[in-house]
Amino acid sequence: MDDLKSEGDLNVSPQRRRWVKDHLDAETRKWLEEDAKYFLRQSLSTPCLNVLKSCGGIYLEDLQGRKYMDFHGNNVHQVGFGNPRVVAAIKAQLGELPFCTRRYTNLPAIKLAKKLAELAPGNLKKVLFAPGGASAIGIALKLARAATGRHKTISLWDSFHGASLDAISIGGQAIFRRDIGPLLPGAEHVPPPEPAGCPFNCGERCNLQCARYIEYVLEKEGDVAAVIAETVRSTPCIPPPDYWNRIRAACDRYGALLVLDEIPHCPGRTGKMFACQHFDVVPDMLVLGKGLGGGVFPLAALMTREDLDIMPDRALGHYTHEKNPVACAAGLATIETIETDGLLENARRLGERALKRISKIKQRRGLVLKGRGLGLLLGIELLKAGKTPAPASDVAEEVMYRALGKGLSFKVTMGNILTLTPPLTITLQEMERAIDIIEECIGEVGSAHSG
Ligand SMILES: Cc1ncc(COP(=O)(O)O)c(C=O)c1O
């Protein structure tokens, strides 16, 4: 099972079974059984953990009336759930133009594309919407082929770009790729920049071996269409400061395009509207999504350099809900909220404070903690203390379930990283409370394991 650790905590663990047994009443269990009866099972969803009744702001509420701070939210809830501006925009748009038939366009779609083009760095001035991140990634792959006349890609092990066949071909996680048959040809993978244990053994003094390796593969292959990667991985994994500039230069040298996937973080989660702005790099294409739909609608966008508008005689995207006016109205209200309510500043300020507190925890009996993050994309890696600290996956999962019992929901990634992504609307007090809960749980579980 260990090599299937991935995006999130799996639903097949004994801790999960125990939590369900201890916390859910007969009514909730009945609905969960119904859910499992009708939905196809899969390891990151059905059978599900619990049944939700409502959500608002940073909170979820289950059928039994328990409330949880949602530090997971599938990364759609930058502006909080049921944000009043978003809801009002959706309601107004529903009453006027709920759908846009192909061949026509509509004002919310045009205004959202214009707004994104104004905000994006460099010459990322052209936009195509899609009803989900994986679809937008698929469009980027096709456009990269058309623009370069090449088909090979370089992407990162452990990465995630969506669950469709083309997206898992460039993604790097066994749980999506294994036993599924032939994937896209020419999809090469390289090791990611990995703060949790650099595969190139750079140690404390990073000398960008990971970026150099991409350069090496670009040169050896000589005909790579695109390097495609998450600007910062959600675990979180934040590359060294010069990583992207180095790869940007290598892409230019060998004629490959740079495609950055910011689906879970853009707009705003990292404290800047676009995550690449932290690295002073401009890709040739950038993909955003998730929170763009205001925590209500599935909406993603591919943004490209103006001169990559090269396929006017082909159907590049062609998704039914491409210019959905209600989704675009939600997108516009989301960006307006981030700008008007100072959410970038809040993400930066609270993210820094949270990291400071996390870094003070450092050690608990038998455990070593490593905090990292950018804005309100935060993570705590749990390791078992020792000469060569090992991932404390069993502990991480137990911490997660204990925290749920105390009203805090987050996910565990790669087995041993508590990944914390609250809405950017969170207050300092709520953030402090969440870290108190994590600290309490780590204390309880750490001492339980060492004792
Ligand atoms: C980095 C990244 N890329 C792509 C996707 C796929 O987006 P969607 O689920 O909207 O297809 C995700 C979803 O989690 C993601 O995190």
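That block above? That's the structure.
So, a few notes on the structure that sits alongside this text. What you are looking at is a predicted structure, and each value in this text was computed from that prediction instead of being measured. (Residues numbered from 1 in each chain as written. Predicted model: local features only at pLDDT ≥ 70, side-chain atom pairs only at ≥ 80, totals over all residues. Heavy atoms only, no water.)

A word on the pattern of salt bridges
Here comes step 1: Going through the model one piece at a time under the given rule, you end up with 30 salt bridges.
Here comes step 2: Residues Glu 432 and Arg 357 are paired through a salt bridge, measuring 2.7 Å at the closest nitrogen-oxygen approach. With Glu 432 in helix H13 (residues 428-450) and Arg 357 in helix H11 (residues 343-361), this residue pair connects regions lying 75 residues apart in the sequence. (Salt bridge = Lys/Arg side-chain N within 4 Å of Asp/Glu carboxyl O. Helix = DSSP H or I, 4+ residues; strand = E, 2+ residues; numbered from the N terminus.)

Structural notes on the sheet that holds strand S1 (residues 52-56)
Here comes step 1: As summarised here, the arrangement of the four strands in space is S1-S2-S3-S15, forming an open sheet in which the pairing is mixed. The sheet is open, and its two borders are formed by S1 and strand S15 (408-409), each paired with just one other strand. (Pairing = 2+ DSSP bridges.)

Overview of the site of the ligand
Here comes step 1: Around the ligand, a shell composed of Gly 132, Gly 133, Ala 134, Phe 160, His 161, Gly 162, Glu 230, Asp 261, Ile 263, Pro 264 and Lys 290 is seen.
Here comes step 2: Taking Ala 134, its main chain carries an N or O atom lying 2.8 Å from an oxygen atom of the ligand.
Here comes step 3: Phe 160 places a main-chain nitrogen or oxygen 3.4 Å from a nitrogen atom of the ligand.
Here comes step 4: In the complex, the protein chains occlude 79% of the 390 Å² of accessible area that the ligand would expose alone.
Here comes step 5: Residues belonging to the shell around the ligand are distributed by class as follows: four nonpolar, four polar and three charged. (Near = heavy atom within 4 Å. Polar contact = N/O pair within 3.5 Å; in protein donor to acceptor, adjacent residues only side chain to side chain. Areas by Shrake-Rupley, 256 points an atom, 1.4 Å probe, with all protein chains shown as cover. Nonpolar A, V, L, I, M, F, W, Y, C, P; charged D, E, K, R; others polar.)

Observations concerning the sheet that holds strand S8 (residues 257-261)
Here comes step 1: On the basis of which strands lie adjacent, the open sheet formed by seven strands has the order S4-S10-S9-S8-S7-S5-S6 and mixed pairing. Every other strand in the sheet has two partners, leaving strand S4 (124-130) and strand S6 (187-190) as the edge strands with one partner each. Adjacent strand axes in the sheet meet at a mean angle of 20°, parallel and antiparallel pairs treated alike.
Here comes step 2: The pairing of strand S5 (residues 152-156) with S6 spans four bridges and is classified as parallel. (Axes fitted to C-alpha atoms, helices over the stretch in contact; angles between N-to-C directions.)

Things to note about unusual backbone geometry
Here comes step 1: Cis geometry is adopted by the peptide bond preceding Pro 47, which originates at Thr 46 and carries an omega value of 0°.
Here comes step 2: Mapped onto the elements, Pro 47 comes out in the loop between helix H2 (26-38) and S1.
Here comes step 3: Residue Pro 267 is bonded to the preceding Cys 266 through a cis peptide linkage, with omega at 10°.
Here comes step 4: Mapped onto the secondary structure, Pro 267 falls in the loop between S8 and strand S9 (285-288).
Here comes step 5: Phi is positive for Asn 74, which is not a glycine, with a value near 50°.
Here comes step 6: Within the secondary structure, Asn 74 sits in the loop between strand S3 (67-70) and helix H3 (84-96).
Here comes step 7: Residue classification places Asn 74 among the partly exposed residues on the basis of a relative accessible area of 48%.
Here comes step 8: Positioned with a positive phi, Arg 103 is a non-glycine residue whose angle comes to about 90°. (Buried < 20%, exposed > 50% of the residue type's maximum accessible area, 1.4 Å probe, protein only.)

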